[in-house]
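# Structural overview for review
One-letter residues, chain by chain:
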Amino acid sequence: MRSAAREGVIRVASKPGKQKEASVLSRVKSRVVSSPYLPPLAAFVALFLAWELAVRLFKIQPVTLPAPSSVLYEFATSIGFYLPHAGVTLFEALAGFFLGMAVAIVAGIFMAHSPLLERTLLPIAVLANVTPIIAIAPLFILWFGFDALPKILIAAIITFFPMLINSITGFRSIDGNHLEYMQSLHASKREIFFKLRLPNSLPYLFSAARTCVSLSVMGAVVGEWSGSTEGLGNVIMMSSNYLQTERMFSAIFMLAIMGILLTNVVRFIERKVLFWHAMGGDRD
């Protein structure tokens, strides 16, 4: 009887411990799943491990595909070489991004208010968007020289179209009841724009900005491929010509870091500005 009672006490006492352990594991699992950083970090680690294993298992020559450990070693030991080139590319990308965004928003304002203007100018914008940027980059180098201006313009062009489409959509996607209410109060077009159209368009503009900020980096690199003496695009081209594969992959790695950081900066600003708007990523 006493032994049975003791076993019952032990079982009862062990249940809260198991429940507490399960609760802790559940909280840890939910934090890992909901974290915006851990899942992609785990994916990158898995990719690098698979890459390293494949290179060593199949004995791939470094000139063809270097191991990620060699690339990281090159990147870490030569960081002083890459940072100045990264600064040049970052300046060209950001300048092109803000230029393309400003022109696209201004054009979007006019097109949103004038269907005739939209039908007139939008085909030209579509034509510029479908033209391969690498085909017109040499022309920009020929017209504007080898300094930063042609790279900025190329980054602006590649940024322009997605921002333009989202601008038009955002400025037009307003609640009809809200518009009628403001018109009943005899609000001017200026007041309707700043108090209704512009706040309503911000989610669309930030959604385009998250995409365009990384596209601007790609545009700057394409411009540097066509003619440049500095920048990460120039490093990639020169490394390819001299079969310096590890240096080429290190420059690509730097570009990836730059794109990820810029996208997260835009996302951070969006959360601060649009605290009233639930982002799609937050809902997930």
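From a predicted model like this one, the values you see are computed outputs, not experimental measurements.

### Describing helix α11 (residues 245-273)
The end-to-end C-alpha distance of α11, which contains 29 residues, comes to 42 Å, matching closely the 42 Å that a straight helix rising 1.5 Å per residue would cover. Next to the buried residues of α11 lie α3 (68-77), α4 (79-113), α9 (189-226) and α10 (232-241).

### Considering the packing of aromatic side chains
Across all of its chains, the model carries 11 aromatic pairs by this definition. With 5.6 Å between their ring centres and 50° between their planes, W51 and F249 make a pair best called tilted. Residue W51 is found in helix α2 (residues 38-57), and its partner F249 is found in helix α11; the two are separated by 198 residues along the sequence. Taking the relative accessible area as the measure of exposure, W51 reaches 18% and is therefore buried. For F249, a relative accessible area of 22% translates into the label partly exposed.

### Observations concerning the packing of helix α6 (residues 133-144) against helix α7 (residues 148-172)
Two numbers describe how α6 lies on α7: the axes approach to 9 Å, and their chain directions differ by 145°. Handedness of the crossing formed by α6 with α7: right-handed. From α6, I133, I136, A137, F140, I141 and F144 reach across to α7, where they touch L149, P150, K151, L153, I154 and I157. The residue inventory of the contact of α6 with α7, partitioned by class, reads 11 nonpolar, no polar and 1 charged.

### With respect to the pattern of salt bridges
In this structure the tally under the stated criterion is 4 salt bridges. Between R247 and E74 there is a salt bridge whose closest N-O contact spans 3.7 Å. Of the two residues, R247 sits in helix α11 while E74 sits in helix α3, which places them 173 residues apart along the sequence. Judged by its relative accessible area of 26%, R247 falls in the partly exposed class. Between E270 and R210 there is a salt bridge, with the nearest N and O atoms lying 2.5 Å from each other. Note that E270 is positioned in helix α11 and R210 in helix α9, a separation of 60 residues in sequence. Classification of E270 by relative accessible area gives buried; the value is 3%.

### Regarding the confidence of the model for the protein
Keep in mind that low pLDDT regions are not for reading the predicted coordinates in detail. Looking at the protein, pLDDT values average 83 and 85% of them are 70 or higher. Looking over the protein, one finds the lowest element-wise mean pLDDT in helix α12 (residues 280-283), namely 44, and the highest in α4, namely 94.

### Quick look at a nonpolar patch on the surface
A surface patch of nonpolar side chains, amounting to about 530 Å² of accessible area, comprises L139, L142, W143, F144 and L149. When residues in the nonpolar patch are grouped by element, the largest group, 4 residues, is from α6.

### Section: the nonpolar core
Membership of the largest hydrophobic core comes to 36 residues, with the highest contact counts inside it found for M163, L164 and L232. Of all the secondary-structure elements, those providing two or more residues to this core are α4, α5 (115-130), α7, α9, α10 and α11. Top contributing element to this core by residue count: α9, with 9 residues. Once residues lying within four places of it in the same chain are set aside, the contact partners of M163 are M101, A104, I105, L205, A208, A209 and C212. Counting 7 residues, the second largest nonpolar core, distinct from the first, contains I136, F140, I154 and V222.

### What to know about the packing of α7 against α9
As a packed pair, α7 and α9 sit with axes 7 Å apart at the nearest point and diverge in direction by 155°. With respect to their mutual orientation, α7 and α9 come out roughly antiparallel. Between α7 and α9 lies a crossing of right-handed hand. Tallied by class, the residues present in the contact of α7 with α9 amount to 16 nonpolar, 11 polar and 4 charged.

### A short note on unusual backbone geometry
Positive phi, close to 50°, is recorded for K59, a residue that is not glycine. Take K59: it is sitting in the loop between α2 and α3. Of note, the phi angle at L243 is positive, near 55°, even though the residue is not glycine. For L243, the location among the structural elements is in the loop between α10 and α11.

The rules we used
Residues numbered from 1 in each chain as written. Predicted model: local features only at pLDDT ≥ 70, side-chain atom pairs only at ≥ 80, totals over all residues. Heavy atoms only, no water. Helix = DSSP H or I, 4+ residues; strand = E, 2+ residues; numbered from the N terminus. Expected span 1.5 Å × (residues − 1). Contact = heavy atoms within 4.5 Å. Phe/Tyr/Trp six-rings, centres within 6.5 Å; stacked < 30°, edge-to-face > 60°. Buried < 20%, exposed > 50% of the residue type's maximum accessible area, 1.4 Å probe, protein only. Axes fitted to C-alpha atoms, helices over the stretch in contact; angles between N-to-C directions. Left-handed = near helix turned anticlockwise from the far one by under 90°. Nonpolar A, V, L, I, M, F, W, Y, C, P; charged D, E, K, R; others polar. Salt bridge = Lys/Arg side-chain N within 4 Å of Asp/Glu carboxyl O. pLDDT = per-residue confidence, 0-100. Patch = residues over 30% accessible without salt bridge, like charges linked within 9 Å, V, L, I, M, F, W, Y side chains within 5 Å. Areas by Shrake-Rupley, 256 points an atom, 1.4 Å probe, with all protein chains shown as cover. Core = buried A, V, L, I, M, F, W, Y, C linked by side-chain atoms within 4.5 Å. Parallel < 35°, antiparallel > 145°, perpendicular 65-115°, else oblique.

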